[in-house]
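Secondary and tertiary structure notes
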Amino acid sequence: MEAHSAFLIYAFYLAGLTYFLGVLFYALPIPVEGVKRWGPTLIKDSIYSLVWLSIYNDVIYLAKYILYLLGFSWTGYFDSIYLMATAITAQFVFLEIMKSMIAPVTSITSLTTTTTTSSSGISSFIKLFFGGGYLNIEIHQTQTILLSLYFIIILSDIIYYGMPWLLSLGILLMSLPFRIGRSAGATIISSVLVFYIGLPEMASFMNQQFIHGIGIFGIGITISAFVAMTNPIGVITTMLFLLPVEYESFVIVPIAYISTLIVISLGFDRVIAESANQFPFPGKLII
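Report on the accompanying structure. Computed from a prediction, not measured in an experiment: that's the story for all the values here.

1. Quick word on the overall build of the chain
Broken down by element type, the chain carries 11 helices and zero strands. When its helices and strands are written in sequence order, the chain yields α-α-α-α-α-α-α-α-α-α-α. Taking all 287 residues of the chain together, the buried fraction comes to 42%. Across the chain, contacts joining residues at least 24 apart in sequence account for 82% of those joining residues at least 6 apart. Of the accessible surface of the chain, which amounts to about 15,400 Å², a share of 70% is contributed by carbon and sulfur atoms.

What follows is the structure, given as structure tokens:
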């Protein structure tokens, strides 16, 4: 039995338990409003959980259909993210190789003593670009971009492959008696639905930002590699322009986009959690 199927079965049993507890509290011959008001509350909660159980497959289909109407797909999204990660990984490896190749040159330059002004200027220039200055900064920035892309890939895998059991887990938590897991369950349901529909659009925003910065995606890396074959200083100057665009496209844009999805999820989970109160069942009892 799959995990999400087990969660749904347990949620059904818990919804039944919640219903019978509500009936029990509703029928107790105890004239205490604080106790008896749990009766209609538990009954409404159980019915609400059963509604979510009955529409479980429909909710998944609706999320996929909305994504289709928006013109996006998880397949295209993963292709774009993997392409970005591959390009940045190649860039990182290229910078590391260049650093290891130029390290002996900087060591020789630092050991060479000369009195001429021109030679001294060239030596300082090489040290500035290759001896631990700009090149190290570019390597560190590339590492940050890689971490961002790897985080996006992990988050995307969790949402895409884990949607059925995350959704069923949310329903299970909402089915717990006395609203013990209601808020947590609503948060999980809202988050997985919002991210499942909204996350594939993020790759389009990242690509558009990158294209807006330097043109066609990936051309900056190709130019850098070509220039470096004939002029090592050229790749450094090219990367000085390329990396800020990459950082903004692959780090800043995802942070802003994911933060927006989180805010939407927080608003949607309140709608899910409070919808049970809209059921036509008497909320107060006359004792």
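2. Overview of a nonpolar patch on the surface
There is a patch of nonpolar side chains on the surface, built from Tyr61, Leu62, Tyr65, Ile66, Tyr68, Leu69, Leu70 and Phe72 and spanning about 830 Å² of accessible area. Relative to the helices and strands, Ile66 is located in helix H4 (residues 56-69).

3. Thoughts on the packing of helix H3 (residues 38-54) against H4
Packed helices, taken two at a time, are described by their axes: the angle between them and the distance between them. At a minimum axis separation of 4 Å, H3 and H4 run at an interaxial angle of 55 degrees. The angle between the axes of H3 and H4 places the two elements in the oblique class. Residue-level inspection shows Trp52, Leu53 and Ser54 of H3 in contact with H4, the latter providing Tyr56, Asp58 and Val59. A breakdown of the residues in the contact of H3 with H4 according to their chemical character gives four nonpolar, one polar and one charged.

4. Side note on unusual backbone geometry
Look at Phe178: it is not a glycine, yet its phi comes out positive at around 60 degrees. In this fold, Phe178 is placed in the loop between helix H7 (134-174) and helix H8 (182-198).

5. Considerations on the side chain of Thr142
In this structure, Thr142 sits in helix H7. Since its relative accessible area comes to 0%, Thr142 is described here as buried. Among residues more than four places away in sequence, those in contact with Thr142 are Ile88, Gln91, Phe92, Leu95 and Leu243.

6. So, the packing of aromatic side chains
Here the structure, examined in full by the defined rule, presents 16 aromatic pairs. Seen in terms of ring centroids, Trp74 and Tyr160 are 5.3 Å apart; in terms of plane orientation they differ by 35 degrees. Their pairing is tilted. Of this pair, Trp74 sits in helix H5 (residues 74-111) while Tyr160 sits in helix H7, and the two are 86 residues apart along the sequence. Accessibility expressed as a relative area gives 4% for Trp74, which makes it buried. Clustering of aromatic rings is evident, with ring pairs tying together Trp74, Tyr77, Phe78, Tyr82, Tyr160, Tyr161 and Tyr196.

7. Some thoughts on the side chain of Thr18
Along the chain, the position of Thr18 falls in helix H1 (residues 3-27). With a relative accessible area of 1%, Thr18 lands in the buried category.

8. Side note on the pattern of salt bridges
In this structure the tally under the stated criterion is two salt bridges. Here Arg179 ties to Asp45 by a salt bridge, and the two come within 2.8 Å at their closest N and O atoms. Here Asp45 lies in helix H3 and Arg179 lies in the loop between H7 and H8, a separation of 134 residues in the sequence. A salt bridge links Asp45 to Arg182; the shortest N-O distance between them is 3.9 Å. With a gap of 137 residues between them, Asp45 in helix H3 and Arg182 in helix H8 connect regions that are remote in the sequence.

9. Remarks on the nonpolar core
If you look at the biggest cluster of nonpolar residues, it comprises 60 residues, and the most contacted ones within it are Tyr77, Leu149 and Met206. Elements with a contribution of two residues or more to this core: H1, H3, H4, H5, H7, H8, helix H9 (202-214) and helix H11 (232-274). At 15 residues, H7 tops the list of elements feeding residues into this core. Residues within four places of Met206 in sequence aside, it is in contact with Ile81, Met84, Leu149, Ile152, Ser249, Phe250, Val253 and Pro254.

Each value, and the rule that gives it
- Residues numbered from 1 in each chain as written.
- Predicted model: local features only at pLDDT ≥ 70, side-chain atom pairs only at ≥ 80, totals over all residues.
- Heavy atoms only, no water.
- Helix = DSSP H or I, 4+ residues; strand = E, 2+ residues; numbered from the N terminus.
- Buried < 20%, exposed > 50% of the residue type's maximum accessible area, 1.4 Å probe, protein only.
- Contact = heavy atoms within 4.5 Å.
- Areas by Shrake-Rupley, 256 points an atom, 1.4 Å probe, with all protein chains shown as cover.
- Patch = residues over 30% accessible without salt bridge, like charges linked within 9 Å, V, L, I, M, F, W, Y side chains within 5 Å.
- Salt bridge = Lys/Arg side-chain N within 4 Å of Asp/Glu carboxyl O.
- Axes fitted to C-alpha atoms, helices over the stretch in contact; angles between N-to-C directions.
- Parallel < 35°, antiparallel > 145°, perpendicular 65-115°, else oblique.
- Nonpolar A, V, L, I, M, F, W, Y, C, P; charged D, E, K, R; others polar.
- Phe/Tyr/Trp six-rings, centres within 6.5 Å; stacked < 30°, edge-to-face > 60°.
- Core = buried A, V, L, I, M, F, W, Y, C linked by side-chain atoms within 4.5 Å.

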